Amino acid sequence: MDRYPAPADLEARLHSEHPQALRLWLRMLTCTQLVEQRVRRRLRTEFQTTLPRFDLMAQLERHPEGLQMKELSRRLMVTGGNVTGVTDQLVREGLVERLSVPDDRRAYRVRLTPAGREAFARMAHAHEQWIVEAFARLGPRDAEQLYRLLAKVKHGQTPT
């Protein structure tokens with residue numbers, strides 16, 4: 001458990017007169033931000049890496065044959081420049097490699113190296129444990145109920 005007091009968060013501005021939907025929305029955002037901050041901090045301190053690097057490696061782990069840069073950019077929902085910068089770092093560290101795409105001289109496919117697969121496996125295992133810890137205060141019933149309730153919210157949204 002972290003021994004730091006919780007920072008002022010999005011919910012701090014609310015009071016009981018605000019609609020419950022708004023309070024729920026800000027509670028979900030606050031929880032997400034707090035868990036993400038913890039994950040970012042632990043990736044940095046325990047693995048000397050960042051969440052964007054972890055996310056890129058996670059995409060590549062799911063696709064052992066590799067992904068083209070434009071596909072990585074789309075999946076990570078960031079610009080090509082961001083993907084290039086993170087990829088350059090990981091290439092220098094020997095964690096990913098760039099491969100030419102036979103039909104397109106301008107395109108590259110990126111994949112994890114054996115060292116990258118090993119490093120990611122260690123990080124992914126730790127990451128999973130951190131997420132389990134983040135929800136440890138919920139018992140199995142509460143966790144299942146929250147999961148079902150959030151599914152209702154998710155399925156009630158229409159793509160824009």
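Heads up: these notes are all about the structure in this document. Each chain has its residues counted from 1, running along the sequence as written. Local features in a predicted model are, by the rule used here, given only for residues with pLDDT of at least 70; side-chain atom pairs are given and counted only at 80 or more, and totals for whole chains, interfaces and linings are based on all residues. Based on all heavy atoms of the structure, the side-chain values leave hydrogens and waters out of the count.

### Some thoughts on the sheet that holds strand S2 (residues 96-101)
Each strand in a sheet pairs with another by means of backbone hydrogen bonds, the pair being arranged parallel or else antiparallel. Spatially, three strands are ordered S1-S3-S2 in an open sheet, and the strand pairing comes out antiparallel. Two strands bound the open sheet, and with one partner strand each, they are strand S1 (67-68) and S2. Relative to strand S3 (residues 104-112), S2 runs antiparallel, the two being bridged by six bridges. Pairing of Arg98 across the sheet is with Val110, part of S3. We call two residues contacting when some pair of their heavy atoms lies within 4.5 Å. Axes, fitted as lines to C-alpha atoms, cover a helix only where it is in contact. Angles between the N-to-C directions of the axes lie from 0 to 180 degrees. The numbering of helices and of strands both runs from the N terminus, where a helix is a DSSP run of H or I of at least 4 residues and a strand a run of E of at least 2. Here helix H4 (residues 80-92) sits on the sheet in contact with S2 and S3, set at roughly 115 degrees to S2. DSSP calls a pair of strands paired once it identifies at least 2 bridges connecting them.

### Overview of the pattern of salt bridges
For side chains of opposite charge, pairing can occur when their charged atoms come near one another. Note on definitions: salt bridges are taken to be side-chain nitrogens of Lys or Arg within 4 Å of carboxyl oxygens of Asp or Glu. Inspection of the entire model under this criterion finds ten salt bridges. One salt bridge connects Asp104 with Arg106, and the closest N-O pair in it is separated by 3.8 Å. In this structure Arg106 comes out as exposed when scored by relative accessible area, which is 76%. Salt-bridge contacts for Arg148 lead to Glu144; the nearest nitrogen and oxygen are separated by 3.9 Å. Taken together, the residues span about one helical turn, with Arg148 and Glu144 both in helix H6 (residues 140-155) at a distance of four residues. Accessibility here uses a 1.4 Å probe with only protein chains present; expressed as a share of the type maximum, an area under 20% marks a residue as buried, one over 50% as exposed, and anything in between as partly exposed.

### Concerning the packing of aromatic side chains
Aromatic rings from Phe, Tyr and Trp, with only the six-membered ring used for Trp, were paired whenever their centres fell within 6.5 Å, and each pair was classed as stacked if the ring planes differed by under 30 degrees, edge-to-face if by over 60, and tilted otherwise. Applying the stated criterion across every chain yields a total of two aromatic pairs. Ring centres of Phe54 and Phe120 lie 5.2 Å apart, and the angle between their planes is 35 degrees; this geometry places the pair in the tilted category. Separated by 66 residues along the polypeptide, Phe54 in helix H2 (residues 51-62) and Phe120 in helix H5 (residues 114-134) bring together distant segments of the chain.

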